[in-house]
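Summary of the model geometry
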Amino acid sequence: MTLTLESLIVALASLSVVGGVLLAVAGTVGWVPSAAVRRRSRTEQKLRALIGRDDSARAWWARDSSRVGAAAAVGLLVWLFTSWPMGGLITALVIVGLPWLMNPGSGAAREIARLEAVEEWVRRMSDIHTVGVSLEQSVQRSLETVPKAIQEEVTLLVSRLTAGWRPQDAYRAFADALNDATADEVVALLILHIEDRGAGLSRALRDLAEALQHEVLMRREVEADREKPRTNDRWVTIFCLGIFGLTMFSGAYVEPYTTLTGQMVLVGLGIGFVLVKFWMRRMAVIDPAPRFLSSADRAGGSNREGVP
């Protein structure tokens, strides 16, 4: 492609548009440094508990905003030097979605890490809960040693209890946040203790922690068996992306893609690639066990005490 004044103006104008969109997104979701997140005050935690605020979009932007900016810049450069607007767009999307493309097992690994953190938290709870210490006090004390993987969920649980939620509702919301059938067993035990306040909770928590430890080991073995097809999936992705990158600069061989029809075909190929990735991942995904504590159980139930 010959670099002309018109193409340079188009590229700069496109860069301005993308920059404006990124600034609009930043203004909408806000910017929260990770250090500030760690220093949230107890008052803000109570407020988040009351309004149920979700910071997932804000956390994503704080973590990945630099990659989004790099993706926009590289996409514009590809468009400028190849005359492929869709090629630039696909390149930008690939850079933004690179963690998803190259780490097909990251979701399962996070679930196992969270379940292992629940096991560790339950084991520590069994040590904290002694005679004369209520369950709510034990949960509050566990904040000092709660594993990082579930620190936000446990912090929110404590905030809800402090804000005046009925303990049963707070623990059920905690189960919804963990969203795991095995974690439901922990919450069910806590709810049963609230209803009868019987003795032996520490022993029951220790026994449950042992069962959770076996569950974590079993899931790790399953994930180890699934790692080989995931490695193959990763190599297929690298091969396809490498071929796409090389063909963009192969001259006359890809000349038909500079037309409008060719660009539409390129988009179709990109969509097909993503669908195949979804299909390959779906084949390797085992449906999780159904939960027995869910938000549907609370439909029509009583509301939180003291919370409008």
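Presented here is a report on the structure given in the accompanying data block. (Residues numbered from 1 in each chain as written. Predicted model: local features only at pLDDT ≥ 70, side-chain atom pairs only at ≥ 80, totals over all residues. Heavy atoms only, no water.)

Another aspect to go through is the packing of helix H5 (residues 85–96) against helix H13 (residues 260–283). Taken N-terminus to C-terminus, the directions of H5 and H13 make an angle of 20°; their axes are 9 Å apart at the nearest point. Judged on the interaxial angle alone, H13 and H5 are roughly parallel. As for how H5 packs across H13, the hand of that crossing is right-handed. Counting all contacts with H5, which are made through Pro-85, Met-86, Gly-87 and Ile-90, the residues of H13 involved are Gln-263, Leu-266 and Val-267. (Axes fitted to C-alpha atoms, helices over the stretch in contact; angles between N-to-C directions. Helix = DSSP H or I, 4+ residues; strand = E, 2+ residues; numbered from the N terminus. Parallel < 35°, antiparallel > 145°, perpendicular 65-115°, else oblique. Left-handed = near helix turned anticlockwise from the far one by under 90°. Contact = heavy atoms within 4.5 Å.)

Further remarks concern the nonpolar core. Trp-121, Val-122, Leu-135, Val-139, Ile-150, Tyr-171 and Val-186 are the most contacted members of the largest nonpolar core, which totals 37 residues. Those elements that provide at least two residues to this core are helix H7 (106–128), helix H8 (135–141), helix H9 (151–163), helix H10 (167–178), helix H11 (181–196) and helix H12 (201–247). Ranked by the residues each element gives to this core, the list is headed by H11, at 8 residues. Residues in contact with Leu-135, not counting those within four places in the same chain, are Met-125, His-129, Tyr-171, Leu-190, His-193, Ile-194, Arg-197 and Leu-201. Within the second largest apolar cluster, 9 residues are counted, among which are Val-78, Trp-84, Phe-244 and Val-254. (Core = buried A, V, L, I, M, F, W, Y, C linked by side-chain atoms within 4.5 Å. Buried < 20%, exposed > 50% of the residue type's maximum accessible area, 1.4 Å probe, protein only.)

Further remarks concern H9. Between its first and last C-alpha, H9 extends 18 Å over 13 residues, near the 18 Å set by a 1.5 Å rise per residue. Buried residues of H9: Glu-153, Val-154, Thr-155, Leu-156, Leu-157, Val-158, Ser-159, Arg-160 and Leu-161, and no others. After H9 finishes, the residue Gly-164 shows a positive phi value of roughly 105°. (Expected span 1.5 Å × (residues − 1).)

Phi is positive for Asn-179, close to 55°, though the residue is something other than glycine. Inspection of the secondary structure puts Asn-179 in the loop between H10 and H11.

Turning our attention to H11. Taking 1.5 Å of rise per residue, 16 residues should cover 22 Å, and H11 covers 23 Å from first to last C-alpha, within 8% of that figure. The buried count for H11 comes to 12 of 16 residues, which makes it a mostly enclosed element. Sitting at the amino-terminal end of H11 is Asp-180, which places a side-chain oxygen 2.8 Å from the backbone nitrogen of Thr-182. One or two residues past the end of H11 sits Arg-197, with phi positive at roughly 50°. (Polar contact = N/O pair within 3.5 Å; in protein donor to acceptor, adjacent residues only side chain to side chain.)

Inspection of the entire model under this criterion finds 11 salt bridges. Arg-114 is paired through a salt bridge with Glu-153; the nearest N and O atoms lie 2.9 Å apart. A residue pair is termed long-range when its members are at least 10 positions apart, and Arg-114 in helix H7 and Glu-153 in helix H9 qualify at 39 residues. For Glu-153, a relative accessible area of 15% puts it in the buried group. Across the salt bridge formed by Glu-116 and Arg-220, the nearest N and O atoms sit 2.5 Å from each other. Of this pair, Glu-116 sits in helix H7 while Arg-220 sits in helix H12; the two residues are 104 residues apart in sequence, bridging distant segments of the chain. (Salt bridge = Lys/Arg side-chain N within 4 Å of Asp/Glu carboxyl O.)

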